[in-house]
Amino acid sequence: IWSKIIPVPWVGCWVWEGEQDRWGYGRVWWKGRKQMTHRVIYSVLRGRIYRTLDHTCVWPACCNPNHMKDVTQRKNNILPIQRRHADKYGIWVNV
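Only a predicted model underlies this, so the values are computations on that prediction, with no experimental measurement involved. (Residues numbered from 1 in each chain as written. Predicted model: local features only at pLDDT ≥ 70, side-chain atom pairs only at ≥ 80, totals over all residues. Heavy atoms only, no water.)

## Some words on the overall build of the protein chain
Consideration 1: Check the secondary structure of the protein chain and you find 2 helices and 6 strands.
Consideration 2: Helices and strands appear in the protein chain in the N-to-C order β-β-β-β-α-β-β-α.
Consideration 3: Counting contacts in the protein chain only where the partners sit at least 6 residues apart, residues at least 24 apart contribute 36% of the total.
Consideration 4: Here the protein chain displays about 6400 Å² of accessible surface, and carbon together with sulfur accounts for 54% of that area. (Helix = DSSP H or I, 4+ residues; strand = E, 2+ residues; numbered from the N terminus. Contact = heavy atoms within 4.5 Å. Areas by Shrake-Rupley, 256 points an atom, 1.4 Å probe, with all protein chains shown as cover.)

Have a look at this one:
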């Protein structure tokens, strides 16, 4: 797994260079099944995931656990709308 992660120092992202799904999320075989790379890395380095992971950096290929926030599914569905609204007005908020 680690050989396919490329660090991007100026933004802090760890970009997955292996297989990706059509939305750009990394996919990897782990414990006998294909899983999302950011979830595997998060669980290995941080522990159990209780809800849904939100990419605070908004880069689907990123698997840096420092860029993940454990949130509810409802919050994860609302965040992209809030980010688009903020970006439309030239204001970037890390929500």
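Still to come is the rest of the account.
## Some remarks on the pairing of strand 2 (residues 13-16)
Consideration 1: When strand 1 (residues 5-8) meets strand 2, the two strands line up antiparallel, connected through 4 bridges. Its bridge partner being in strand 2, Ile6 is matched across the sheet by Val15.
Consideration 2: From the end of strand 1 to the start of strand 2, which pair antiparallel, there are 4 residues, and Gly12 there has a positive phi angle of about 85 degrees. (Pairing = 2+ DSSP bridges.)

## Regarding the pattern of salt bridges
Consideration 1: Tallied over the entire structure, the rule returns 2 salt bridges.
Consideration 2: As a salt-bridge pair, Lys34 and Glu19 come within 2.9 Å of each other at their nearest N and O atoms. Of the two residues, Lys34 sits in strand 4 (residues 33-36) while Glu19 sits in the loop between strand 2 and strand 3 (27-30), which places them 15 residues apart along the sequence. (Salt bridge = Lys/Arg side-chain N within 4 Å of Asp/Glu carboxyl O.)

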